[in-house]
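Notes for the structure review
Here is what each chain is made of, one letter per residue.
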Amino acid sequence: MNLAQFPRRGYVKQPTPVEPLPSFSKALGGKVNIWIKRDDTLPGTGGGNKTRKLDFCIADALARGADTIITCGAVQSNHCRLTLAWAVKEGLDCHLVLEERVPGSYNPQSSGNNFLFQMLGVSSVTVVPGGSPMLQEMQKLADKLAAAGRKPYIIPGGASNSIGALGYVQCAQELQQQMFEQGCNFDHVIVPSGSAGTHAGFLLGMLACNMNIPVTGIGVNRKKPVQEQAVFDLMHQTADLIGAAVNIPREAVVAYDDYVGPGYSLPTAAMAEAVTLLARTESILLDPVYSGKAMSGLIDLVRKGVLPAGSNVLFLHTGGSPALYAYEDTFRKSWA
Ligand SMILES: *Cc1c(COP(=O)(O)O)cnc(C)c1O
């Protein structure tokens, strides 16, 4: 697929590493060979998957003459941190609208990404209650800024529109090349599935490359059918944007909801186990909201034999470790 037809800023300068996890695999019984793709090492303050998407989204903003970026996310949003970081780098103002999905969870003094919003000099933070219509909230702010002479550009939550998803179509193309060069033939890929752009772009790219490798999403928020439909719809929108005729079988879209626990961003014991195990075997930091829960899903699928003995499984590490510092108590309690 031709992605060169779209403007991008060039934030992703080289492929992210694909590495084996021998000690982690051994700790899980040694029968399944687990590998990791290190999108946590992407450029941008603190790294993570949103850099691939913002490479295209911010290029679109600049192409349209924007001088101000508005985006939204949860109170510890990695997406907000990275959008702000790239906006700063480009000399753009950046305003954040934060959704307090867990009532009372916004604390301007809290650590993690919230601290970094302030470190990076965010233009404004607007906090709205959970369930608020986020696009409308951002549009209200955009109207106000436009009336004051600014040229605002809205990036939706997670940069999960068709433009942002292009970043993960490219990631699948990148992986295809790396698998060939490194001679590693994966049987299965596990990806976190949140606002859906990562899962949708990656799966679309894999299908378009005829890789014939199942991709399993681990949901962090929505119920399975709702999440799968969101991924499926975004895949179609992204294929349309590219102008690519890709056959997208509905059954290729799988997003388990078994590892969400009590809700989005709320810790689970299995998440704490997964984050701690990867840290203590491979010195790699996951995050509590996305990659930690996704890894807890991978661990369960290994233990249940869904990922069979002898298989080579790739985990897409989407980043997020700055959020760990807002969850210290959770981890200290889990180790006690
Ligand atoms: C946003 C995010 C995800 C989920 O990606 P989506 O494209 O929103 O599905 C996964 N991991 C981390 C660390 C994230 O910040």
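Residues numbered from 1 in each chain as written. Predicted model: local features only at pLDDT ≥ 70, side-chain atom pairs only at ≥ 80, totals over all residues. Heavy atoms only, no water.

Quick look at the UniProt feature "domain: Tryptophan synthase beta chain-like PALP" (unreviewed entry) in the protein chain
- Mapped onto this numbering, the UniProt entry annotates "domain: Tryptophan synthase beta chain-like PALP" (unreviewed entry) at residues 14–319.
- The span residues 14–319 carries 43% helix and 18% strand; its end-to-end C-alpha distance comes to 17 Å. (UniProt positions renumbered as here; feature names shortened; annotations may be inferred. Helix = DSSP H or I, 4+ residues; strand = E, 2+ residues; numbered from the N terminus.)

Topic: the nonpolar core
- Leu54, Phe202 and Met206 are the most contacted members of the largest nonpolar core, which has 62 residues in total.
- Ranked by the residues each element gives to this core, the list is headed by helix H6 (residues 162–182), at eight residues.
- Setting aside residues up to four positions removed in sequence, Leu54 forms contacts with Tyr11, Ala59, His79, Leu82, Thr83, Trp86, Ile155 and Ala159.
- Of all hydrophobic cores here, the second largest spans 32 residues; its members include Phe24, Leu28, Ala274 and Leu324. (Core = buried A, V, L, I, M, F, W, Y, C linked by side-chain atoms within 4.5 Å. Buried < 20%, exposed > 50% of the residue type's maximum accessible area, 1.4 Å probe, protein only. Contact = heavy atoms within 4.5 Å.)

Details of the environment of Tyr106
- The residue Tyr106 is located in the loop between strand E4 (93–100) and helix H4 (113–119) in this model.
- A relative accessible area of 22% means that Tyr106 is categorised as partly exposed.
- Put simply, Tyr106 and Ala74 are 32 residues apart on the chain and 9.0 Å apart in space, counted from C-alpha to C-alpha.
- Once you skip the residues sitting within four places of it in the chain, Tyr106 turns out to touch Val75, Leu98, Glu100, Asn114, Val125 and Val127.

Quick word on the pairing of strand E2 (residues 33–38)
- Taking burial as the measure, the six residues of E2 include five buried ones, the bulk of the element.
- With three bridges connecting them, strand E1 (residues 18–20) and E2 associate as antiparallel partners. Considered in E2, the bridge of Pro20 is made with Trp35.
- By the bridge criterion, six bridges tie E2 to strand E10 (residues 312–317) in an arrangement that is parallel. The residue of E10 that forms the bridge with Lys37 is Leu316. (Pairing = 2+ DSSP bridges.)

Some remarks on the sheet that holds E2
- The strand order across the open sheet built from six strands is E1-E2-E10-E7-E8-E9, with neighbouring strands paired in mixed fashion. The two strands at the open ends of the sheet, each matched to only one other strand, are E1 and strand E9 (254–256). The average angle at which neighbouring strand axes cross in this sheet is 30°, direction not considered.
- Of the strand pairs in this sheet, strand E7 (residues 188–193) and E10 are connected by three bridges, and their pairing is parallel. Each bridged residue has a counterpart across the sheet, and for Ile190 the counterpart in E10 is Phe315.
- Seen against the sheet, helix H8 (residues 224–242) touches E7 and E9 and runs at an angle of roughly 145° to E9. (Axes fitted to C-alpha atoms, helices over the stretch in contact; angles between N-to-C directions.)

Regarding helix H9 (residues 269–282)
- Compared with the 20 Å implied by 1.5 Å per residue over 14 residues, the 20 Å span of H9 between its first and last C-alpha is a close match.
- Within H9 the residues assigned to the buried category are Met271, Ala272, Ala274, Val275, Thr276, Leu278 and Glu282.
- Buried residues along H9 sit in contact with helix H1 (22–27), E2, helix H10 (291–303) and helix H11 (328–335).
- Immediately downstream of H9, the backbone of Ser283 shows phi near 55°, a positive value. (Expected span 1.5 Å × (residues − 1).)

With respect to the domain arrangement of the protein chain
- For the protein chain, the assigned domains are domain 1 (18–44 + 161–334) and domain 2 (49–155).
- Each of domain 1 and domain 2 has a C-alpha centre, and these two points are 25 Å apart.
- Of the residues lining the interface, 28 residues belong to domain 1; the matching set on domain 2 comes to 20 residues.
- A combined buried area of about 1900 Å² lies between domain 1 and domain 2, and 62% of that area is made up of carbon and sulfur atoms.
- A per-residue breakdown of the area domain 1 buries against domain 2 is headed by Ile163, Tyr264 and Pro322, which together make up 24% of the total.
- In this assembly, domain 1 and domain 2 are joined by two salt bridges. (Domains from an automatic or database assignment. Buried area = accessible area lost by both parts, 1.4 Å probe. Salt bridge = Lys/Arg side-chain N within 4 Å of Asp/Glu carboxyl O.)

Points about the side chain of Thr71
- In this fold, Thr71 is placed in strand E3 (residues 68–74).
- Classification of Thr71 by relative accessible area gives buried; the value is 0%.
- Within the structure, the side chain of Thr71 is placed 2.6 Å from the backbone oxygen of Ile155, a separation counted as a polar contact.
- Setting aside residues up to four positions removed in sequence, Thr71 forms contacts with His79, Cys80, Thr83, His95, Leu96, Val97, Met138, Ile155 and Pro156. (Polar contact = N/O pair within 3.5 Å; in protein donor to acceptor, adjacent residues only side chain to side chain.)

So, the UniProt feature "modified residue: N6-(pyridoxal phosphate)lysine" (unreviewed entry) in the protein chain
- Feature annotation in UniProt assigns "modified residue: N6-(pyridoxal phosphate)lysine" (unreviewed entry) to the following positions: Lys50.
- In this fold, Lys50 is placed in helix H2 (residues 50–63).
- Look past the residues within four positions of Lys50 in its chain and what remains in contact with it is His79, Leu82 and Gly158.

A word on the site of the ligand
- Neighbouring the ligand are 17 residues; Lys50, Lys53, Ser195, Thr198 and Thr318 lie closest to it.
- Here a nitrogen atom of the ligand and a side-chain polar atom of Thr318 are 2.6 Å apart.
- Taken by itself the ligand offers 380 Å² of open surface, and the protein chains cover 98% of this.
- Looking at the shell around the ligand, the elements with two or more residues in it are H2, E7 and helix H7 (197–208).
- Taken together, domain 1 (18–44 + 161–334) and domain 2 (49–155) each give at least three residues to the shell around the ligand, which thus spans both. (Near = heavy atom within 4 Å. Areas by Shrake-Rupley, 256 points an atom, 1.4 Å probe, with all protein chains shown as cover.)

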